[in-house]
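Spelled out from the first residue to the last, the chains are:
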Amino acid sequence: MPIQPEASVWRALLDACRIHSNKKIGKRAAKHLLAMKPQDPSTYILVSNLYSASGRWHCSDMIREEMRAKGFQKRPDRSWIIHENKVHTFYARDKSYPYAKDIYSGLELNFRNA
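Here the structure is a predicted model, which is why all the values come from computation and not from measurement.

Enquirer: Hey, could you run me through unusual backbone geometry in this one?
Expert: What you tend to see is this: most non-glycine residues have negative phi, and most peptide bonds are trans. For S21, which is not a glycine, the phi torsion comes out positive at approximately 55°. When you line up the elements, S21 lands in the loop between α1 (7-19) and α2 (23-36). S21 sits in the partly exposed class, given a relative accessible area of 49%.

The following block contains the structure:
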């Protein structure tokens, strides 16, 4: 490559390795990511997901345990929707949000019609 890839490129490659079950390149991407950003929990999550996708549950559990030992936590992502000119934010799988039932009903309709 004429330029050095940033961490986001290595993350994308690592996740692509999970999708295509390419552990060899995945390990290389993880090594580069850990060298660049050793304190970023997302790298550990991606490596854990790579192991899980290939059925190596023990390795996945070891990665998650290593995260816990280092004090890393995966923060849940938030979703947002604009309704009636107001931004509503909520966490994934959050059923406590006041409009959760409406949102999930709408999503279900979208999936059925797709």
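Next, the rest of the story.
Enquirer: Would you mind showing me how to read the pattern of salt bridges here?
Expert: For side chains of opposite charge, pairing can occur when their charged atoms come near one another. Scanning the model with the defined rule gives 5 salt bridges in all. When the shortest N-O distance is used, the salt bridge between D15 and R18 registers 2.8 Å. In this pair, D15 and R18 both sit in helix α1, 3 residues apart, roughly one turn of the helix. Its salt-bridge partner being R68, residue E65 comes within 3.4 Å of it at the nearest N-O pair. Note that E65 and R68 are positioned in helix α4 (residues 57-69) at a spacing of 3 residues, about one turn of the helix. When its relative accessible area of 44% is taken as the criterion, E65 is described as partly exposed. On the basis of relative accessibility, which here comes to 53%, the residue R68 falls in the exposed class.

Reading the values: rules and limits
Residues numbered from 1 in each chain as written. Predicted model: local features only at pLDDT ≥ 70, side-chain atom pairs only at ≥ 80, totals over all residues. Heavy atoms only, no water. Helix = DSSP H or I, 4+ residues; strand = E, 2+ residues; numbered from the N terminus. Buried < 20%, exposed > 50% of the residue type's maximum accessible area, 1.4 Å probe, protein only. Salt bridge = Lys/Arg side-chain N within 4 Å of Asp/Glu carboxyl O.

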